[in-house]
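Report on the structure
Listed below, chain by chain, are the residues.
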Amino acid sequence: MAHTKFHYPTLEDLKTEAEGLNAFLPLAEKTDCLFTPLSLGGRTVENRIAFQPMEGTDGTSTGAPGELTARRYHRFAQAGPGLIWFEAVATLPQARASAHQLWLTDENVDAFKRLLDDMRETSLKENGYAPLIVMQSTNSGRYSKPRGVPEPLIAYHCPPLEDTPLPDDRIVTDDDLKRFEDAYAAAARLCQQAGFDGMDVKCCHRYLACELLSAYTRPGEYGGSYENRTRFLKNCYRAARSEITRQGFFLTSRLNVYDGFAYPYGFGVREGAGLAVDLQEPIRLIGELKAAFDIPLINVTMGNPYKNPHVNRPYDHGNYVPDEHPLTGLDRMMRGVSEIQHALPDLPVLGSAFSYPRQHAGHLAAGMIDGGHCAMAGFGRMAFADPEFIHDLRRFGRMDEKKACVTCGGCAALLRAGTPAGCVVRDREVYRL
Ligand SMILES: Cc1cc2nc3c(=O)[nH]c(=O)nc-3n(C[C@H](O)[C@H](O)[C@H](O)COP(=O)(O)O)c2cc1C
């Protein structure tokens, strides 16, 4: 199918196109439901809008927040989302996705604390409440680039991701994995010290924990069976839990429920059915995380931003032209989020990929929440373009077309280049390609 540019000046236009494609896009006229509180893990979140983790590649060489990191989070806090899911922060130096990815250590934990203090103060002053702030802890695995060039730590050879097979010694051993698990204990300790409300054991977008979920071909304790493939994630939780000392501090995950590669290399993919979505294992896993680790919410996502970025973030422009209508990608994400929420009605689900509909995005968020398809709506690229869209939604019930994200892929291009990432269209004085 040809690449389809955004051409929906009105909400009606978007609805008509979605109906024509039989796409599941519940678009609500009214957006008031976004401003109802939600109880999460003993806390009240003021509204249903979350900012998704967005790596800025703007940390110092030793992993502390830099000036642009502080600017981004100050802007985010000013805007007043109920929840800010802080970007990927490395658990180990060799697991950084770039030389400027954040990495929380004993030496820089105070810098993180100052950043969080500023966020809470700013939001309290501007909005009258502080956001819930969750830190995403990561091991970048296959996509590790701690010195700016690839130094992959892979779970197994994955042919769709290796044009030329990587050397066998890039496969991490079971002992390596055990050491990587231990790093989540230190991460949880530091995360509490910095003042985060909770920690995400990141398990998405084919970074290490996520890749292991599809390690069907890996021998040993971490591959093959469902129990083995989920072992690393659960052991990371166990390690992190062993360091929890602060009342109310919680663990959670941003989880890929669908990778978008054919079985046996993709998680959430039905065996023998091409790329068909099959959420049985993801639902089982989330249920187990809830039962064993009392996660108060789950952040649901899909895809691999390097291989099939349109699955993770439907978009319009750029060099990579997917063979899929962006609304078909959005349909897959919204159906997946809804299926998880309906399978686990007692666990609030945070849905992903709300930026594509531009000025209509708030109506999709409201439709999903009003219809009980998720509890919170997560915005990534839109938060870079115009975090203040929340004020427009609150005041006028709609977003401003002239300020919305145009899903051009510019922020992702900056990230891939290892340079500070932000919006090259709406924040041009700082970010340029
Ligand atoms: C520049 C950039 C940085 C990102 N960084 C992260 C990250 O640190 N962790 C993560 O889980 N997802 C990350 N993502 C994915 C986003 O959180 C989000 O899932 C994606 O952009 C789709 O949501 P959207 O349509 O609202 O943009 C990033 C995406 C972009 C474009």
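Residues numbered from 1 in each chain as written. Predicted model: local features only at pLDDT ≥ 70, side-chain atom pairs only at ≥ 80, totals over all residues.

**Details of the site of the ligand**
- Among the 26 residues in the neighbourhood of the ligand, the closest are listed as Pro53, Ala88, Ser355, Gly380 and Arg381.
- Listed by contribution, the elements that provide at least two residues to the shell around the ligand are β4 (83–90), α12 (381–385) and α14 (410–416).
- The biggest single contributor to the shell around the ligand is α14, with three residues. (Near = placed C-beta within 6 Å. Helix = DSSP H or I, 4+ residues; strand = E, 2+ residues; numbered from the N terminus.)

**Things to note about helix α4 (residues 174–194)**
- With 21 residues, α4 should reach 30 Å at 1.5 Å per residue; the first-to-last C-alpha distance of 31 Å fits that figure.
- Within α4, the full set of buried residues consists of Leu177, Phe180, Glu181, Tyr184, Ala187, Ala188, Arg189, Leu190, Cys191 and Ala194.
- Packed against the buried residues of α4 are α3 (109–127), β6 (132–138), β7 (198–201) and α7 (231–241).
- With its phi angle positive at about 100°, glycine 195 sits one or two positions after the end of α4. (Expected span 1.5 Å × (residues − 1). Buried ≥ 20, exposed ≤ 12 C-beta atoms within 10 Å, placed from the backbone. Contact = placed C-beta atoms within 7 Å.)

**Topic: the pairing of β6**
- When you tally the buried positions in β6, you get seven out of seven residues, the bulk of the element.
- Both faces of β6 are covered, namely the face carrying Leu132, Val134, Gln136 and Thr138 and the face carrying Ile133, Met135 and Ser137.
- Bridge analysis of β4 against β6 gives seven bridges, and the strand direction is parallel. Residue pairing for β6: alanine 88 is matched across the bridge by glutamine 136.
- Sheet topology places β6 next to β7; four bridges connect them, and they run parallel. In the sheet register, valine 134 faces β7, and the bridge partner there is glycine 198.
- Crossover β6 to β7 through α4 is right-handed. (Pairing = 2+ DSSP bridges. Right-handed = clockwise from strand over helix to strand, strands pointing away.)

**Notes on the nonpolar core**
- With 132 residues, the main nonpolar core has Met199, Val201, Ala209, Ala240 and Ala377 as its most contacted residues.
- A total of eight residues in this core trace back to one element, the largest contributor, which is α4.
- Excluding residues that lie within four positions of it along the chain, alanine 209 makes contacts with Asn139, Val201, Lys202, Cys203, Phe232, Leu233 and Cys236. (Core = buried A, V, L, I, M, F, W, Y, C linked by C-beta atoms within 7 Å.)

**Some points on the pairing of strand β9 (residues 254–258)**
- In terms of residue burial, β9 counts as a mostly covered element, since five of its five residues are buried.
- Pairing analysis gives four bridges linking β9 to strand β10 (residues 298–302), with the strands arranged parallel. Each bridged residue has a counterpart across the sheet, and for tyrosine 258 the counterpart in β10 is methionine 302.
- Read as a crossover between parallel neighbours, the route from β9 over helix α8 (residues 280–293) to β10 is right-handed.

**Comments concerning the packing of α4 against α7**
- Look at α4 against α7: their axes get within 7 Å of each other, and the N-to-C directions meet at 40°. Remark: the crossing between α4 and α7 carries right-handed chirality. Facing α4, whose interface residues are Leu177, Glu181, Asp182, Tyr184, Ala185, Ala187 and Ala188, α7 presents Phe232, Asn235, Cys236, Ala239 and Ala240.
- Partitioning the contact of α4 with α7 into residue classes produces nine nonpolar, one polar and two charged. (Axes fitted to C-alpha atoms, helices over the stretch in contact; angles between N-to-C directions. Left-handed = near helix turned anticlockwise from the far one by under 90°. Nonpolar A, V, L, I, M, F, W, Y, C, P; charged D, E, K, R; others polar.)

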